[in-house]
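Structural features, examined
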Amino acid sequence: MKAKTLIELMTLSSSLYVLSKDTELMERLKEMAEKGKDRVNKAMSAPEFDEEGNELEFIDKLIRKAGQAKDELEAKIEEVVAEFYKKINIAHTDEIRGLNERLTTAENTIALLEARLNKLENK
């Protein structure tokens, strides 16, 4: 009977923990949405000019900002993925390239040493 009560209490506490985390997440998302809305309003109210000196229309500003956001998001995702790979010890393509270069250099050095050894043996 005591084990059943203990399991029920653990289940209840884990459920409450999950609910509290969901609430924190929703509050965080709400804060981010408000900040984002303020940034968008600020960005769209400021006049922007193209290469020819003409003021951009709202849609053009929106397209430009979307492109900038896309570039920033791609850079951030790349950083996060590289950090994640380091955490779980998966080789990133940059690391693989570096290792391949080191391997090539080592193979060249070994070939030179073998050639020198053969030359010394022949003398």
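In what follows, the structure referred to is the one given above.
What this report covers is the structure whose coordinates are included nearby. The structure presented is a predicted model; accordingly, all values stated were derived computationally and were not measured.

Describing the overall build of the chain
- Scanning the chain from N- to C-terminus turns up 3 helices and 0 strands.
- In the chain, the order of α-helices and β-strands from amino to carboxyl end is α-α-α.
- Evaluated residue by residue, the chain yields a buried proportion of 5% over its 123 residues.
- About 11500 Å² of surface is accessible on the chain, with carbon and sulfur atoms providing 60% of the total.

Here's the deal with the pattern of salt bridges
- For the structure shown, the criterion picks out 1 salt bridge.
- Among the salt bridges present, the one from Lys 70 reaches Glu 74, with a minimum N-O distance of 3.7 Å. Of this pair, Lys 70 and Glu 74 both sit in helix H2 (residues 58-87), separated by 4 residues, roughly a single helical turn.
- A relative accessible area of 44% places Glu 74 in the partly exposed class.

How each quantity is defined
Residues numbered from 1 in each chain as written. Predicted model: local features only at pLDDT ≥ 70, side-chain atom pairs only at ≥ 80, totals over all residues. Heavy atoms only, no water. Helix = DSSP H or I, 4+ residues; strand = E, 2+ residues; numbered from the N terminus. Buried < 20%, exposed > 50% of the residue type's maximum accessible area, 1.4 Å probe, protein only. Areas by Shrake-Rupley, 256 points an atom, 1.4 Å probe, with all protein chains shown as cover. Salt bridge = Lys/Arg side-chain N within 4 Å of Asp/Glu carboxyl O.

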